[in-house]
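What follows is each chain in one-letter form.
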Amino acid sequence: MQKTIIIALAVLTLSPPAAAQGPQTRTTISIGMADTLVNAAAKEAETRKLGLAIIVVDEQGSIVLARRMDGALPHSFEIARRKAMTSALTRQPTKVIQEMVARGDNLILAIDNMLPIEGGLPVFHDGKIVGAIGVSGSPSHIDAAVAQAGLDALAAHGAHRQ
């Protein structure tokens, strides 16, 4: 037994730490992808004559790019951020989460900053979640349509594949 412990300690001592083994890679949204999403969503909002908040977050819910358009109400920014974060962390459109809550599955509400209201969509690249887009400032089904315009533009550039 004592010999096994000594060998295990020797192996651990000789093994380089994870950071020394090379960079840990994760797939995340690029600034270029975020820019495409925001610009296309803003163009759609302008076509509809709407002033909205549009936020893109990475797969962990941190803001990558944000735009508060002229005419957007101040609280729309925070709502868009929370929609995007909810979508990124659940890997689902916020409409799906909204429907779960409507059916009585309220556990998601215990997580800080979750907002199960339509208007947040996940962004996938090569089958992996890389981030999400959240839109706020109009009725939620219109927010979702504006967010979808961003995803459609990203897909047209070949960057959004699930």
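Residue positions within a chain follow its written sequence, with the count starting from 1. The predicted origin of the model limits local features to residues at a pLDDT of at least 70 and limits the giving and counting of side-chain atom pairs to 80 or more, whereas totals for whole chains, interfaces and linings rest on all residues. Working from all heavy atoms in the structure, the side-chain values ignore hydrogens and water.

**Q** Explain the packing of helix H2 (residues 31-47) against helix H5 (residues 140-156) here, please?
**A** The description of two helices packed together rests on the angle between their axes and the distance between the axes. In contact at an axis separation of 7 Å, H2 and H5 are set at 130° when each is read in the N-to-C sense. Considering the angle they form, H2 stands oblique to H5. Note that H2 runs across H5; the crossing there is right-handed. The segment H2 lies against H5, with Met-33, Thr-36, Leu-37, Ala-40, Ala-41, Glu-44 and Ala-45 engaging Val-146, Ala-149, Gly-150, Leu-151, Ala-153 and Leu-154. Inter-axis angles, ranging from 0 to 180 degrees, are taken between N-to-C directions of lines fitted to C-alpha atoms, where helices are fitted over the stretch in contact. Going along the chain from the N terminus, every DSSP run of H or I of four or more residues is numbered as a helix, and every run of E of two or more is numbered as a strand. The scheme is simple: roughly parallel for angles under 35 degrees, roughly antiparallel for over 145, roughly perpendicular for 65 to 115, oblique for anything else. If you view the pair so one helix is near and one far, a crossing is left-handed when the near helix is turned anticlockwise from the far one by less than a right angle, and right-handed when it is turned clockwise. Throughout, a residue-residue contact means that at least one pair of heavy atoms, one from each residue, lies within 4.5 Å.

**Q** Whenever I open this one, the confidence of the model for the protein chain confuses me. Can you help?
**A** Detailed conclusions should not be drawn from predicted coordinates in areas where pLDDT is low. Confidence per residue, as judged by the predictor, is encoded in pLDDT with a range of 0 to 100. Of the residues in the protein chain, 81% have a pLDDT of 70 or more, and the chain-wide mean is 86. Segment residues 1-20: pLDDT under 50, and two contacts once partners within four positions in sequence are set aside and those in other chains are kept.

**Q** What is the right way to read the environment of Gly-150 from this model?
**A** With respect to the element layout, Gly-150 can be found in helix H5. Burial classes: relative accessible area under 20% of the type maximum marks a residue as buried, over 50% as exposed, and values in between as partly exposed (1.4 Å probe, protein chains only). In this structure Gly-150 comes out as buried when scored by relative accessible area, which is 0%. Among residues more than four places away in sequence, those in contact with Gly-150 are Leu-37, Ala-40 and Ala-41.

**Q** Explanation requested: H2 in the structure shown.
**A** Side chains three or four residues apart in an α-helix point the same way, a direct result of the helix having 3.6 residues per turn. Each helix should span, by expectation, one fewer than its residue count multiplied by 1.5 Å. The end-to-end C-alpha separation of H2 is 24 Å, in line with the 24 Å expected for 17 residues at 1.5 Å each. Within the span of H2, buried status applies to Met-33, Ala-34, Thr-36, Leu-37, Val-38, Ala-40, Ala-41, Ala-42 and Ala-45. On its buried face, H2 sits against strand E1 (53-58), strand E2 (63-68), strand E3 (120-125), strand E4 (128-136) and H5. At the exit of H2 stands Lys-49, carrying a positive phi of roughly 60°.

**Q** Honestly, the environment of Ala-80 in this entry has me stumped. Any pointers?
**A** Of note, Ala-80 is situated in helix H3 (residues 74-90). When its relative accessible area of 0% is taken as the criterion, Ala-80 is described as buried. Sequence separation between Ala-80 and Ala-66 is 14 residues; the distance between their C-alpha atoms is 9.2 Å. Non-local contacts of Ala-80, meaning those with residues more than four positions away in its chain, are made with Ala-53, Ile-55, Gly-134, Val-135 and Ser-136.

**Q** I would appreciate a short explanation of the pairing of E2 in the present structure.
**A** On any regular strand, side chains alternate: one points to one face of the sheet, the next to the other face. One ladder, built from five bridges, connects E1 with E2; its direction is antiparallel. The residue of E2 that forms the bridge with Val-57 is Ile-63. In this scheme, strands are said to pair when DSSP sees at least two bridges between them. Counting the residues in the hairpin turn of E1 and E2 gives four residues, including Gly-61, whose phi is positive at 95°.

**Q** I'm lost on the sheet that holds E1 in this one. Help?
**A** In sheet architecture, strand pairing relies on hydrogen bonds along the backbone and comes in two forms, parallel and antiparallel. The strand order across the open sheet built from four strands is E2-E1-E4-E3, with neighbouring strands paired in antiparallel fashion. The open sheet is flanked by E2 and E3, the only strands paired with a single partner. Ignoring strand direction, the axes of neighbouring strands in this sheet form an average angle of 15°. Of the pairings in the sheet, the one linking E1 to E4 comprises six bridges and is antiparallel in character. For Ala-53, the partnering residue across the bridge sits in E4 and is Ser-136. Running at roughly 15° to E3, H5 makes contact with E3 and E4 of the sheet.

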